[in-house]
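Coordinate analysis (summary)
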Amino acid sequence: MANRSVYSKLLHNRPCFFRCLSSATSSSVASPSPVNFVEKSEPTTTDKPIINFDDFKVLFSSVPTSKLIKSSINLHMAAIEPIVDTGMWVMNSRLMETPILREIILGVVKNTVYEHFCAGKDLKEVARTVTKLCDQGIKAILDYGLEHVNDNESCDRNFNEFIQTIESTKFLPPSSVSFVVVKITAICTPSLLRRVSDLLRWEYKDKSLHLPWKLRTFPILSDSSPFYHTPNRPEPLTPEEENYLHLGHQRLINICEKCVEMNVPLLIDAEDTALQPAIDYFCYTASIMYHKDDEPIVFGTTQAYLKDAKERLFNVKKAADKMGVPVGFKLVRGAYMSSERQLASSLGVKSPIQDSIQETQQCYNDCAAFMLQEIANGSGSVVLATHNVESGKLAASKAIDLGIAKDNQNLQFAQLYGMADALSFGLGNAGFRVSKYLPFGHVEQIIPYLLRRAEENRGLLSTSSLDRHLMKKELMRRLTSSIS
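All values reported here derive from a predicted model rather than from experimental measurement. (Residues numbered from 1 in each chain as written. Predicted model: local features only at pLDDT ≥ 70, side-chain atom pairs only at ≥ 80, totals over all residues. Heavy atoms only, no water.)

1. Looking at the overall build of the protein chain
How we decide: Only DSSP runs of H or I covering at least 4 residues are called helices, and only runs of E covering at least 2 are called strands; the numbering of each starts at the N terminus. Throughout, exposure labels follow a simple rule: accessible area from a 1.4 Å probe, protein chains only, divided by the maximum for the residue type, with under 20% read as buried, over 50% as exposed, and the rest as partly exposed. Using a 1.4 Å probe, the Shrake-Rupley method yields the accessible areas, and only the shown protein chains count as cover for residues.
In terms of helices and strands, the protein chain carries 18 helices and 10 strands. Counting across all 484 residues of the protein chain, residues that qualify as buried make up 56%. Total accessible area on the protein chain is roughly 21,200 Å²; 54% of this is exposed by carbon and sulfur atoms.

Structure (structure tokens):
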């Protein structure tokens, strides 16, 4: 059963919800030495490649030709930066204010990038996408496109949508959904999250600062974390802010309760460093409250492009082990590189982003190797969300060498819907658990997601040559086969 003892005590004393648990220390835990991947041309456990990209007939055997053609066209377009730039300019321009032009633009978006990268406008359409993926041996991560609200009423509406999304999993094929995603910025306003983050950063630097609303948590920051967001001592939360924080946390608690009821884990997405301490605070308090025996219910997100990512991951894992709490992580490279570097540059401080893509890749691989070793030792869970083929190969090889079963529920791979399909199918065909991240919602609602993906993944889209190359080969094979 889920650990609900803390939650029960809180409910018995609702007015002092945020004061009934003592604040946990956020001091840095000594980091263990990283476990590194050993680069190998071939895994030691087999003479054949773990992920086979050579047999593209098998790789795309579950994909209809019409879908393959459309995907190939969309990926080729997305790899051309002038097209991406023009699309982003149009979507952000005043053309969207003219009803006729807006309708035309949204129609074009819907029939191109929206259909390629999104699972549908509502749960009914999502169910069809999930079923198709399930038939292909791929699980779904449901991500309703809600984020960055401005008022408490919007938070309540979003909360109800998240609950409906979780409840919808009972109508889908068994075990077809691996996670449901929640963005904390959809159930608690970013302005309040920024205030909480400021206070958490100042508390880390000044141990005398008392935060009466703070619940038991894991270490949130480390000595290498960025602190320039908070140059001066922040004012305490007002009674109204504390109340809104309580409401935001209560929404997350109710979401966790529903996840326990429906037996589906929860993924909490990351944000930029201005908000991330508060996001992690929400995530870690929920992780402590809710887990099923030795299985985590709540998974946080670690962004490997941040210089403090490895240290914070190690600190959280060590603290969780000490508390006897199973902990899960989604490991990604990161999504706010441009904005983070611009802000740091404008303030004249060092960027929190790794200095090179090679350092980001090394950090990702080190964190992945560390978590794989922990899983092999019987502790921890990880979702390796990567579009990088080499990282996928290294992780798969490391897992096999460590004796981790391919169907071990504590190890999963994930890619965005419409991206890195060759890697997804290759890992799935090799026997690993693989999920696709499925954003969904009406076109207008998903536009911010699409714009962010276009900006964040500009380099990634331009390097999707493997998918385009293999899709082209498979289409030529099918054409030749049909002619002959």
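2. Considerations on empty space enclosed by the protein
Test applied: Two kinds of site are reported from a 1 Å grid over the protein atoms alone, namely cavities, where a 1.4 Å probe fits but cannot get out, and pockets, open sets with protein on both sides within 12 Å along at least five of seven lines, and residues are called lining when an atom falls within 4 Å of a point. Grid points are joined across faces, edges and corners, and a volume is the space filled by probe spheres set on the points.
Tallying each qualifying case throughout the model produces 2 cavities of 30 Å³ or more. If you add up the space inside the largest cavity, you get close to 90 Å³. Lining the largest cavity we find Arg201, Ile220, Leu221, Pro226, Thr273, Gln276, Pro277, Asp280, Leu306, Asp308 and Arg312. Sorting elements by how many residues they give to the lining of the largest cavity places helix H10 (residues 276–289) first, with 3 residues.

3. Focus: the sheet that holds strand S9 (residues 411–416)
Cut-off, in case you're wondering: Only when DSSP finds a minimum of two bridges between them are two strands counted as paired. Axes, fitted as lines to C-alpha atoms, cover a helix only where it is in contact. Angles between the N-to-C directions of the axes lie from 0 to 180 degrees. The contact definition used throughout considers only heavy atoms, calling two residues in contact when any of these lie within 4.5 Å.
Taken in spatial order, the 8 strands line up as S1-S2-S3-S6-S7-S8-S9-S10 and close into a barrel, and their pairing is parallel. Sheet twist, expressed as the average angle between the axes of neighbouring strands with direction ignored, equals 30 degrees. The pairing of strand S6 (residues 298–303) with strand S7 (residues 328–332) spans 5 bridges and is parallel. Looking at S7, one finds that Thr301 is bridged to Lys330. Lying on the sheet, helix H15 (residues 421–429) is in contact with S9 and strand S10 (434–440); it crosses S10 at an angle near 140 degrees.

4. Focus: a nonpolar patch on the surface
Applied cut-off: Only residues whose relative accessible area exceeds 30% and that take part in no salt bridge are eligible for patches, with like-charged residues grouped when within 9 Å of each other and nonpolar side chains (Val, Leu, Ile, Met, Phe, Trp, Tyr) grouped when within 5 Å. Just to be clear on terms, a salt bridge is a Lys or Arg side-chain nitrogen sitting within 4 Å of an Asp or Glu carboxyl oxygen.
A surface patch of nonpolar side chains, about 600 Å² in accessible area, is lined by Trp89, Leu95, Ile100, Leu101, Ile104 and Val108. Tallying contributions element by element places helix H5 (residues 99–117) first for the nonpolar patch, with 4 residues. Mapped onto the elements of the fold, Leu95 is located in the loop between helix H4 (81–92) and H5.

5. So, the nonpolar core
How we decide: Put simply, buried Ala, Val, Leu, Ile, Met, Phe, Trp, Tyr and Cys residues joined by side-chain atoms within 4.5 Å make one nonpolar core.
Ranked by internal contacts, the top residues of the largest apolar core, which has 118 residues, are Phe60, Leu142, Ile184, Ile255, Leu411 and Phe432. When residues of this core are assigned to their parent elements, the largest contribution, 9 residues, is made by H10. Aside from chain neighbours lying at most four places away, what touches Phe432 is Ile50, Ala396, Ala399, Ile400, Lys406, Leu411, Phe413 and Leu427. Judged by nonpolar contacts, the second largest core, of 29 residues, contains Ile105, Phe117, Val443 and Ile447.

Just distances and angles here, no functional claims.
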